[in-house]
Amino acid sequence: MGNVIRRILQASVLLGLLCGLSPALAEQWMNASPLTDDQLASASGRQGVTMQWQMNDTEQNASVADNVLSGNVVTGDNHLSDSAFGHMNGIATVIQNTGNQVVIQDSTQINILINQ
């Protein structure tokens, strides 16, 4: 989990630098100590954070048209082992499909609010 948070902070610092954040402030963020379990527990559920409104909008417009299936059409099976996600870290999107002529659209939006 610490690596995920570090990567998020690195991405945030890079974004800040691109938007004109001072290098000294960026360096200060990168040297921040990880929070302890107790500190994280006391901050869960956005306690003490002023209400923030945000709106996410994703538009997906795929289509399947004029496809023809003929003959002996066979689809596969989906199998997941007991430990398929055992070493997963961060955020993952998993899509499985056994159908034919299918369009699968997926969107992931990650919003990070950092108050100092």
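The preceding data block contains the structure.
Worth saying up front: this structure is predicted, and the values here are computed from it rather than measured. (Residues numbered from 1 in each chain as written. Predicted model: local features only at pLDDT ≥ 70, side-chain atom pairs only at ≥ 80, totals over all residues. Heavy atoms only, no water.)

For aspartate 66, which is not glycine, the phi dihedral falls at a positive 60 degrees. If you trace the backbone, aspartate 66 turns up in the segment after α3 (37–42). Of note, the phi angle at glutamine 101 is positive, near 55 degrees, even though the residue is not glycine. Structurally, glutamine 101 can be placed in the segment after α3. Since its relative accessible area comes to 37%, glutamine 101 is described here as partly exposed. (Helix = DSSP H or I, 4+ residues; strand = E, 2+ residues; numbered from the N terminus. Buried < 20%, exposed > 50% of the residue type's maximum accessible area, 1.4 Å probe, protein only.)

It is worth spelling out a nonpolar patch on the surface at this point. A grouping of Ile8, Ile91, Ile110, Ile112 and Ile114 is seen on the molecular surface, where their side chains present a nonpolar patch of about 440 Å² in accessible area. Structurally, the position occupied by isoleucine 91 is in the segment after α3. (Patch = residues over 30% accessible without salt bridge, like charges linked within 9 Å, V, L, I, M, F, W, Y side chains within 5 Å. Areas by Shrake-Rupley, 256 points an atom, 1.4 Å probe, with all protein chains shown as cover. Salt bridge = Lys/Arg side-chain N within 4 Å of Asp/Glu carboxyl O.)

Further remarks concern the environment of glutamine 105. Along the chain, glutamine 105 falls in the segment after α3. In this structure the C-alpha to C-alpha distance between glutamine 105 and alanine 62, which are 43 residues apart in sequence, comes to 7.5 Å. Excluding residues within four positions of it along the chain, glutamine 105 makes contact with Gln60, Asn61 and Ala62. Engagement of the side chain of glutamine 105 in a polar contact is seen with the backbone nitrogen of asparagine 61, the distance being 3.4 Å. (Contact = heavy atoms within 4.5 Å. Polar contact = N/O pair within 3.5 Å; in protein donor to acceptor, adjacent residues only side chain to side chain.)

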